[in-house]
Amino acid sequence: MPGAVPSSRQRARSDKRLPSALAGLLAVLIVTSGLAWTFLGLSLKALESVLRDRVEALALIHTVNDEMQHLMADMAIKADRGSVSLDSASRSVRGARDRAHTAWSSYLDTWFTEEEATLVTRITPTIETGFATAGTLADRLDAGDREQVTAFLDGSFFPELDAFSSALRQLVAMQVSVTREAHALSQARFRIAGRAFLGAIIAACALIMVALLAGARRTTHATRRWTR
């Protein structure tokens, strides 16, 4: 009958199904929340890698190039033309070389992909030659013979410095490519985390609705029994 009160057997079956339903929804909630936090953590790690191993690495490479290609070349030309004293030029060249070498060493401590490591191994002799060339220029400047400085600049200095800069440009191009891949990976993990969070919210809402409906049914049955 429409207004009939459920029998004790029906209520018993309902009481058994309710804990199972709540336990199932709770399990779904825990799993989806765990997945969400896991992938969110992975996304944050990927972003941290982009910052530390990509953005900062690019800054270090640019520091190396600026010190060697711009400051040192500019100082060598000024010393050759007599715009600055040879002693002052020598100090500037050694300072630029030391800063560039420090930045390069810091870059080597960052994390490399397999392809990036192969490129670094291949260009390292060119980089070391560039540093050695800078040291030779400083020694020529210290000697105080402007003609020797001019002869050195007209010889191997600029070709070796160009090769140095070309190697760094290859490395920058590789860094840009790897940075894009790392950013894409971070975005993919973040999207998965977002879906998992959405699933957790849906599961939580379902859990609350089941609990409320179950509570309402129990209250109605108790009220009916009390009124009788």
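Residues numbered from 1 in each chain as written. Predicted model: local features only at pLDDT ≥ 70, side-chain atom pairs only at ≥ 80, totals over all residues. Heavy atoms only, no water.

**Remarks on the overall build of the protein**
Next up, step 1: In terms of helices and strands, the protein carries four helices and zero strands.
Next up, step 2: What you see in the protein, going N to C, is helices and strands ordered as α-α-α-α.
Next up, step 3: Each of the 228 residues in the protein was classed as buried or not, and the buried ones make up 32%.
Next up, step 4: For the protein, contacts bridging at least 24 residues in sequence account for 86% of all contacts bridging at least 6.
Next up, step 5: Split by element, the accessible area of the protein, about 13600 Å² in all, is 60% carbon and sulfur. (Helix = DSSP H or I, 4+ residues; strand = E, 2+ residues; numbered from the N terminus. Buried < 20%, exposed > 50% of the residue type's maximum accessible area, 1.4 Å probe, protein only. Contact = heavy atoms within 4.5 Å. Areas by Shrake-Rupley, 256 points an atom, 1.4 Å probe, with all protein chains shown as cover.)

**Observations concerning the pattern of salt bridges**
Next up, step 1: Per the stated rule, a full pass over the model turns up five salt bridges.
Next up, step 2: Of the charged contacts, one joins arginine 94 and aspartate 139 as a salt bridge, the two residues approaching to 2.7 Å between their closest N and O atoms. Of this pair, arginine 94 sits in helix 2 (residues 86–108) while aspartate 139 is found in helix 3 (residues 114–143), placing the two residues 45 residues apart along the sequence.
Next up, step 3: Overall, arginine 94 belongs to the partly exposed group, its relative accessible area being 33%.
Next up, step 4: Judged by its relative accessible area of 45%, aspartate 139 is partly exposed.
Next up, step 5: For the salt bridge of arginine 97 with aspartate 98, the shortest nitrogen-to-oxygen distance reads 3.8 Å.
Next up, step 6: For aspartate 98, a relative accessible area of 43% puts it in the partly exposed group.
Next up, step 7: Put simply, Arg94, Asp139 and Asp142 are held in one network by salt bridges that share partners. (Salt bridge = Lys/Arg side-chain N within 4 Å of Asp/Glu carboxyl O.)

**Overview of the nonpolar core**
Next up, step 1: Counting 39 residues, the largest nonpolar core has Trp104 and Leu137 as the members making the most contacts within it.
Next up, step 2: A total of 11 residues in this core trace back to one element, the largest contributor, which is helix 4 (residues 146–227). (Core = buried A, V, L, I, M, F, W, Y, C linked by side-chain atoms within 4.5 Å.)

**A short note on helix 3**
Next up, step 1: Between its terminal C-alpha atoms helix 3 stretches 44 Å, which fits the 44 Å expected from 30 residues at 1.5 Å a residue.
Next up, step 2: At the C-terminal side of helix 3, glycine 144 shows a positive phi close to 80 degrees. (Expected span 1.5 Å × (residues − 1).)

**Quick look at the packing of helix 2 against helix 3**
Next up, step 1: At a minimum axis separation of 9 Å, helix 2 and helix 3 run at an interaxial angle of 165 degrees. The pairing of helix 2 with helix 3 is recorded here as roughly antiparallel in orientation. Considering how the two elements wind past one another, helix 2 and helix 3 form a crossing that is left-handed.
Next up, step 2: In the contact of helix 2 with helix 3, the residues fall into 15 nonpolar, four polar and six charged. (Axes fitted to C-alpha atoms, helices over the stretch in contact; angles between N-to-C directions. Parallel < 35°, antiparallel > 145°, perpendicular 65-115°, else oblique. Left-handed = near helix turned anticlockwise from the far one by under 90°. Nonpolar A, V, L, I, M, F, W, Y, C, P; charged D, E, K, R; others polar.)

**Considering the packing of aromatic side chains**
Next up, step 1: Within the structure shown, the criterion is met by five aromatic pairs.
Next up, step 2: On the basis of an interplanar angle of 70 degrees and a centroid distance of 5.5 Å, the ring pair of phenylalanine 131 and phenylalanine 164 is categorised as edge-to-face. Taken together, the residues span a long stretch of sequence, with phenylalanine 131 in helix 3 and phenylalanine 164 in helix 4 at a distance of 33 residues.
Next up, step 3: Between phenylalanine 157 and phenylalanine 158 the ring centres are 4.9 Å apart and the planes differ by 80 degrees, which places this aromatic pair in the edge-to-face class.
Next up, step 4: One aromatic cluster is present, formed by Trp104, Tyr107 and Phe112 through successive ring pairs. (Phe/Tyr/Trp six-rings, centres within 6.5 Å; stacked < 30°, edge-to-face > 60°.)

**Describing the side chain of threonine 133**
Next up, step 1: With respect to the element layout, threonine 133 can be found in helix 3.
Next up, step 2: Here threonine 133 is in contact with Phe152, Phe157 and Glu160, once residues within four sequence places are set aside.

**Concerning the environment of asparagine 65**
Next up, step 1: Position of asparagine 65 relative to the elements: it lies in helix 1 (residues 8–81).
Next up, step 2: What makes asparagine 65 buried here is its relative accessible area of 16%.
Next up, step 3: For the pair formed by asparagine 65 and leucine 161, sequence separation is 96 residues and the distance between their alpha carbons is 9.8 Å.

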